[in-house]
Each structure stands twice: as C-alpha cells, then as structure tokens.
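Below, each chain spelled out in residue letters.
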Amino acid sequence: SACLLGVHVKYNGGNNDNIELKDFLKSYEVVKVCPEVLGGLTIPRSPSEIKGNKVITKDKRDVTKYFQEGALKTLEIVKKNNIKIAILKKNSPSCGSNKVYDGNFSNTLIDGDGVTSNILKKNGVVILNEDNYKEYKW
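Residues numbered from 1 in each chain as written. Predicted model: local features only at pLDDT ≥ 70, side-chain atom pairs only at ≥ 80, totals over all residues. Heavy atoms only, no water.

Enquirer: Run through the state of the cysteines, naming residues and quoting values.
Expert: Applying the stated criterion across every chain, the model contains 0 disulfides. With no disulfide partner, C34 has as its closest neighbouring cysteine sulfur the one in C3, 6.7 Å distant. Assessed through its relative accessible area of 12%, C34 is described here as buried. A disulfide-free cysteine, C95 has its sulfur positioned 6.7 Å from the sulfur of C34, the nearest such atom. (Disulfide = S-S within 2.5 Å. Buried < 20%, exposed > 50% of the residue type's maximum accessible area, 1.4 Å probe, protein only.)

Here is the structure:
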C-alpha cells in the first residue's frame, strides 16, 4: 500500500508512513499502489467501510464500483509485474486482510477481506500487512 510508504493517498489526505517497513523493503523491488485512487476516488474522500457486499461512505454513498475498479487495476499491475507478495494496509476496505471494519463506523473489526485483498488472494498473492510482514519467511 502506497500509504504505508508515506504517499499521501489516505482518505483524509494523509498517509500511514511506516519507517521500519520502508527500511525493510530497501532490498526488494517495490511497486506502490493505492487501489482506491486507482479506482477513481479523490484525495481527500469520505471514509468508507464494507457493509454486506457493498462499500459505503460515512455519508451513505455507495462507492463499491470505485473499489472494484481499483482492485481490478491493482490486479493488472500485480500480473504485469509478476508480484507474489503484497504488503497492504490492515483493516482497510480495499487492502484489509482477514479483518475489516464492520460497516457501521463504530471502530469494530469483523472477519473479512478488503475488496483488493480478496481479488489478489483469489489470484494466488500472499497478503501481508504492516504488523505481520516480518513473520513471513522471506
């Protein structure tokens, strides 16, 4: 996720810069992506969460198509670059893996994958996040 590498693509215009992760990745070829931006969403944008099979903003807009488009564009990049491992932002409606917010904007996590994580997993990509990437056998 580009936000983890200091790129200002987060919904609020900020980032999730992770110095330790950036240091770790210095010896790897890295491709930065933000599926939400690739899908056509603006910076800043209203926060979104997955509710059922839709992605809904805090102000109740259905932005599912943007998340799906971003996931497909990310998958194209992954295939083009023969990427086998992705380190994506945990809990995100795009990038979250195994846990995402419940869709009620209550800060409650539930089991599930973000839209991009889901499609990448289905295509054989190992999904890690900023907390568990060191546990992987590189």
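Next, the rest of the story.
Enquirer: So what's going on with the pattern of salt bridges? Which residues, and what values?
Expert: Per the stated rule, a full pass over the model turns up 11 salt bridges. Of the charged contacts, one joins D62 and K54 as a salt bridge, the two residues approaching to 3.6 Å between their closest N and O atoms. When its relative accessible area of 39% is taken as the criterion, K54 is described as partly exposed. Note that D59 and R61 form a salt bridge whose closest N and O atoms lie 3.9 Å from each other. Residue R61 is classed as partly exposed on the basis of its relative accessible area, which comes to 43%. (Salt bridge = Lys/Arg side-chain N within 4 Å of Asp/Glu carboxyl O.)

Enquirer: Break down the packing of aromatic side chains for me, with residues and values.
Expert: Summed over all chains, the structure comprises 5 aromatic pairs. Where F24 meets W138, the ring centres are 5.3 Å apart and the plane angle is 65°; that geometry is what we call edge-to-face. Placement of the pair is F24 in helix α1 (residues 19-24) and W138 in the segment after β6 (126-128), with a sequence separation of 114 residues. The class for F24 is partly exposed, based on a relative accessible area of 25%. Looking at W138, the relative accessible area reads 39%, which means it is partly exposed. Taken together, F24, Y28, Y133, Y136 and W138 form an aromatic cluster joined through their ring pairs. (Phe/Tyr/Trp six-rings, centres within 6.5 Å; stacked < 30°, edge-to-face > 60°. Helix = DSSP H or I, 4+ residues; strand = E, 2+ residues; numbered from the N terminus.)

Enquirer: Let's hear about the pairing of strand β1 (residues 48-51): which residues, and what values?
Expert: Note that β1 and strand β2 (residues 54-57) share 4 bridges and pair antiparallel. Looking at the pairing, S48 lines up with T57 of β2. Connecting the antiparallel pair β1 and β2 is a turn made up of 2 residues, with G52 showing a positive phi of about 70°. (Pairing = 2+ DSSP bridges.)

Just geometry here; none of it tells us what the structure is for.
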